Amino acid sequence: MKRCGVLLWCILSISLSYSYDENNMPDLTVPTQLGAKSLEASIEHRFIREPGAKFPDNFVYFANVKLGLRYVVLPKLEVGTSYQTYKREFNFNTAYSLFFPQAFLRTQALVQFFGARQNPLDANDLKMDYNFMYQVNFQSEPIVGRFLPAVDIAYDGLAKRAGIGTGLDIVLVNDHLDLLGEYYPVIGKRDTVPGGGTVVNYIQAAIKATVGGHQFMFTVGNFYDIGMRRLMAGAQAPINNIYYGFNIFRLFTF
């Protein structure tokens, strides 16, 4: 019995000490710190609900899910792909990061090729649009060891729209627990939505736990969409609607 306890403690200690040196955000892309031959798998899940007069009304109506993979080919050079179920959208991307530690700055240039259904909610309409999105991402080195602001600037070639996403990572417990926030102000013309309303700025908060090669995030925001391209266009709902979700990241090293 004692041996089993020692073995369990050894396994747990190894798991907790397994390094995951990446300051991931819920939807912002950050310059990678992962070493070469690192593979990261991710699941992003947002519950879609039908808001009503009483909470939790229809808390889980169905879900929007994004599955992703990215691989660090060489230090600071990565390739990736993802698929989003609700909008039936896929992408392939490549990115390169540069760090300027004396300026407390991390940077990354990213190019993404994507395909998106013209009518994603119509299962019989298979028409696709294809285009590129160009993105420059910034994240600071930890300020006083705890604060990491981030900014992503992007241009969507399909929508002919520029956008920005901002975020802040606050380290609560070193390497294990973080509080995250993101804000996407709509730049330029605001698209209309069914019913004649206009979109509002997107805002999101999350708490992140890093344990044994995993990062778990529990999110709350004012829309259920996923990813920079969608969120920089705004939230297609009244700002007081709340949607919940989670992200799971898993790191594999070779």
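Scroll up for the structure.
Report on the accompanying structure. (Residues numbered from 1 in each chain as written. Predicted model: local features only at pLDDT ≥ 70, side-chain atom pairs only at ≥ 80, totals over all residues. Heavy atoms only, no water.)

1. Examining the overall build of the chain
Step number 1: The helix and strand tally for the chain stands at two helices and 12 strands.
Step number 2: Sequence-ordered secondary structure for the chain, helices as α and strands as β, is α-β-β-β-β-β-β-β-β-β-β-β-α-β.
Step number 3: With 254 residues in all, the chain has 42% of them scored as buried.
Step number 4: Long-range pairs, those at least 24 residues apart, make up 52% of the contacts in the chain with a sequence separation of at least 6.
Step number 5: Of the roughly 13,200 Å² of accessible surface on the chain, 66% is carried by carbon and sulfur atoms. (Helix = DSSP H or I, 4+ residues; strand = E, 2+ residues; numbered from the N terminus. Buried < 20%, exposed > 50% of the residue type's maximum accessible area, 1.4 Å probe, protein only. Contact = heavy atoms within 4.5 Å. Areas by Shrake-Rupley, 256 points an atom, 1.4 Å probe, with all protein chains shown as cover.)

2. Brief notes about the pairing of strand β5 (residues 105-117)
Step number 1: In terms of strand pairing, strand β4 (residues 89-100) meets β5 through 12 bridges, oriented antiparallel. Residue pairing for β5: Glu89 is matched across the bridge by Ala116.
Step number 2: The pairing of β5 with strand β6 (residues 128-140) spans 13 bridges and is classified as antiparallel. Note on β6: the bridge partner recorded for Val111 is Tyr134. (Pairing = 2+ DSSP bridges.)

3. Focus: empty space enclosed by the protein
Step number 1: This structure, assessed with the given rule, holds one cavity of 30 Å³ or more.
Step number 2: Lining the largest cavity are 35 residues, and of these Asp27, Thr29, Glu44, Lys66 and Asn93 lie nearest its centre.
Step number 3: The set of elements that each furnish at least two residues to the lining of the largest cavity consists of β1 (38-50), β2 (58-74), β3 (77-84), β4, β5, β6 and α2 (228-231).
Step number 4: Examining the composition of the lining of the largest cavity, we find that six residues originate from one element, β3, more than from any other. (1 Å grid on protein atoms, 1.4 Å probe; cavity = no way out; pocket = protein on both sides within 12 Å on 5 of 7 lines; lining within 4 Å. Points joined across faces, edges and corners; volume = space filled by probe spheres on them.)

4. Concerning the nonpolar core
Step number 1: Ranked by size, the top nonpolar core spans 26 residues in total, and within it Leu28, Tyr184, Tyr202, Tyr224 and Met228 carry the most contacts.
Step number 2: Sorting elements by how many residues they give to this core places strand β12 (residues 243-253) first, with three residues.
Step number 3: In contact with Met228, not counting residues within four places along its chain, are Asp27, Leu28, Met133, Gln135, Asp152, Ala154, Gly163, Ile164, Gly165 and Tyr184. (Core = buried A, V, L, I, M, F, W, Y, C linked by side-chain atoms within 4.5 Å.)

5. Examining the pairing of strand β9 (residues 177-184)
Two faces make up the sheet, and in a regular strand the side chains alternate between them.
Step number 1: The side-chain alternation of β9 yields one buried face, formed by Asp178, Leu180, Glu182 and Tyr184, and one unburied face, formed by Leu177, Leu179, Gly181 and Tyr183.
Step number 2: Linking strand β8 (residues 161-173) back to β9 in an antiparallel pair, the connection comprises three residues, with Asp175 at a positive phi of about 65 degrees.
Step number 3: Where β9 and strand β10 (residues 202-211) come together, eight bridges link them in antiparallel fashion. Bridge pairing links Tyr184 to Tyr202 in β10.

The values reported here are purely geometric and, on their own, carry no functional implication.
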